[in-house]
Amino acid sequence: MQINLKNLGKRYNYEWIFRNLTYTFEQGASYAILGHNGSGKSTLLTVLAGYNLLSEGELIYTSAGTTITPETAYRQLSLTAPYLELVEEFTLLEMIGFHSRFKPLRQNLSHEQLIDRMGLQKAKNKFVKDFSSGMKQRLKLGLAIYSDSSLLLLDEPTTNLDQEGISWYQEHINQNKQDRLVIVGSNIAHEYSFCDHQLRITDFHTSVRK
Ligand SMILES: Nc1ncnc2c1ncn2[C@@H]1O[C@H](COP(=O)(O)OP(=O)(O)OP(=O)(O)O)[C@@H](O)[C@H]1O
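Here is a short report on the structure shown in this document. Everything numeric here is computed off the predicted structure, so don't read it as measured data.

Scoring rules and cut-offs
Residues numbered from 1 in each chain as written. Predicted model: local features only at pLDDT ≥ 70, side-chain atom pairs only at ≥ 80, totals over all residues. Pairing = 2+ DSSP bridges. Helix = DSSP H or I, 4+ residues; strand = E, 2+ residues; numbered from the N terminus. Axes fitted to C-alpha atoms, helices over the stretch in contact; angles between N-to-C directions. Contact = placed C-beta atoms within 7 Å.

In space, the four strands of this open sheet follow the order β2-β1-β4-β5, with antiparallel pairing throughout. A strand with exactly one partner marks an edge of an open sheet, and here the two such strands are β2 (15–25) and β5 (66–68). Neighbour-to-neighbour, the strand axes of the sheet open up by a mean angle of 25°, direction not taken into account. Looking at chain direction, strand β4 (residues 56–63) and β5 are connected through three bridges and run antiparallel. Bridging across to β5, Thr62 finds its partner in Thr67.

Shown next, in the form of structure tokens:
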């Protein structure tokens with residue numbers, strides 16, 4: 001997946017969050033969107049994911065040389081973010097089964113293999129509502145990273161992870177970033193140190209003179 005942003009702008013009511021954002025996210029590369037709290041990283045990620053409407057400008061998604069409409073781009077993306085919820089009433093196995101009906105897993109992984117990759121074997125039949133916050137984050141990341149998607153959007157990916165969880169994240173993102181467009185919204189170096197490029201959302205605040 002490649003995404004071309006042309007003079008993209010987003011405002012909430014009268015407040016412009018970013019404006020005049022022209023940029024290309026290239027297929028197969030990794031990008032960090034950087035900026036202080038409240039600067040607009042999550043807003044940009046949700047606009048790219050189609051969860052949030054843009055206010056001006058244009059977004060062009062291209063996959064395998066073909067332009068795809070923003071309305072259908074969601075089929076090729078996976079997103080994880082602190083504000084996205086898991087289905088708490090499911091067990092881990094049920095959660096994976098439900099998710100993979102809509103987003104098949106990469107490399108034809110079985111549900112059991114995904115549980116192994118996430119290191120959650122002991123929680124196979126545990127209800128998601130009974131997971132610790134770090135286990136829930138690992139599950140969210142595992143579902144996103146191991147979905148068969150060409151665009152991977154990660155917002156604050158190591159929220160609630162301990163040092164072992166952070167190492168797990170780094171290992172699995174490094175093993176699964178090839179041939180995908182990966183975009184991380186973050187303030188924390190260990191979340192985006194693997195990225196090839198950095199985009200400062202503050203460069204597109206309306207107060208910045210160019
Ligand atoms: N639904 C909304 N309605 C109005 N304003 C909003 C809405 N969502 C976000 N904002 C505002 O947009 C700005 C950017 O918020 P955003 O969550 O994108 O920042 P962020 O860089 O991801 O912050 P953080 O690092 O704290 O997660 C903030 O001023 C926030 O208050």
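What follows deals with unusual backbone geometry. Even without glycine at this site, Asn7 takes up a positive phi of about 50°. Relative to the assigned elements, Asn7 resides in strand β1 (residues 2–12). Positive phi is not limited to glycine here, since Gln107 has a value of about 55°.

Within the open sheet, the five strands sit side by side as β6-β7-β8-β3-β9. Their pairing is parallel. Taken across any chain shown, the strands that pair with only one partner, and hence form the sheet edges, are β6 (77–80) and β9 (197–200). Recorded for the sheet is a direction-independent mean angle of 15° between the axes of neighbouring strands. Here strand β7 (residues 151–155) runs beside strand β8 (residues 181–186); their pairing, made up of five bridges, is parallel. Residue pairing across strands places Leu153 opposite Ile183, the latter belonging to β8. Each of β6 and β7 is contacted by helix α4 (residues 133–145), which is oriented at about 165° to β6, the strand it contacts most.

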